[in-house]
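# Survey of secondary and tertiary structure
As a plain string of letters, each chain reads:
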Amino acid sequence: MKNYVSLLFLILVTSCSSQDKIIKESAIVASYETWVAGVRGGGSGINFYLELKSELPSNVELKKVIFRGYEVPFEKQDNLHFQAMIKTSGNQQKFEGDDSQIYTSPKNALTLVENEAILIFLKSGKEIRQTIKEVKERPMLLYPSAKPKN
């Protein structure tokens, strides 16, 4: 009887957790690239890309991503492509007399593995979080420095 109850509990837990997945991880291609501006103080960041193999259901909206300690909104490129732009603190040196603040994207206290991200969806008004385990790294973007003024 004890084994039967344990089995029933296991089935219940796995069926409930699978219902919270909006889209199968195999139907998602997640990648990121870091970038650094080519001029001193020009900033740096991470561009996070999400490509879906099929469109989201009509009652589901992709809102945000949590990646490397930052939580930022997605910008919809089309029905299958989304991008989130994270601004980091690198290459934001302040110059003498500069009273502006160093701006970074909002932080999130969740601790994730290096190439792991959490996608935040809204499904019929309810927030659902889904973890992506394999976010692929693209080559870093090094923007060229500014042309000399002659």
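Let me sum up the structure you'll find in this document. Every chain begins its residue count from 1, and numbering advances along the sequence as written. Only residues with pLDDT of at least 70 get local features here, since the model is predicted, and only at 80 or more are side-chain atom pairs given and counted; chain-wide, interface and lining totals rely on the full set of residues. The basis for every side-chain value is the complete set of non-hydrogen atoms in the structure, without hydrogens or water.

## Re the nonpolar core
- Throughout this description, the term nonpolar core refers to a set of buried Ala, Val, Leu, Ile, Met, Phe, Trp, Tyr and Cys residues connected via side-chain atoms within 4.5 Å. Burial classes follow relative accessibility: with a 1.4 Å probe on protein chains only, a residue under 20% of its type's maximum area counts as buried, one over 50% as exposed, and anything between as partly exposed. Formed by 27 residues in total, the largest nonpolar core has its most connected members in Phe48, Leu50, Val65, Phe67, Phe74 and Leu119.
- Mapped by element, the contributors of at least two residues to this core are strand S1 (28–36), strand S2 (44–52), strand S3 (60–67), strand S4 (70–73), strand S6 (81–88), strand S7 (117–123) and strand S8 (126–132).
- Pairs of residues are marked as contacts when any of their non-hydrogen atoms sit within 4.5 Å. If near-sequence neighbours (up to four positions away) are discounted, Val65 is found in contact with Phe48, Tyr70, Glu71, Val72, Phe74, Ala84, Ala117, Ile118 and Leu119. Going along the chain from the N terminus, every DSSP run of H or I of four or more residues is numbered as a helix, and every run of E of two or more is numbered as a strand.

## Describing the sheet that holds S8
- Read from one edge of the open sheet, four strands run S4-S3-S7-S8, paired in antiparallel fashion. A strand with exactly one partner marks an edge of an open sheet, and here the two such strands are S4 and S8. Strand-to-strand twist across the sheet, computed as the mean angle between neighbouring axes with direction ignored, equals 25 degrees.
- In this structure, S3 lies alongside S4, joined through four bridges in antiparallel fashion. In the strand pairing of S4, Ile66 is matched with Glu71. Two strands qualify as a pair provided that DSSP identifies no fewer than 2 bridges between them. Every axis corresponds to a line fitted to the C-alpha atoms, with the helix fit spanning only the stretch in contact, and the corresponding angles, defined between N-to-C directions, vary from 0 to 180 degrees.

Nothing here speaks to function; it is all geometry.
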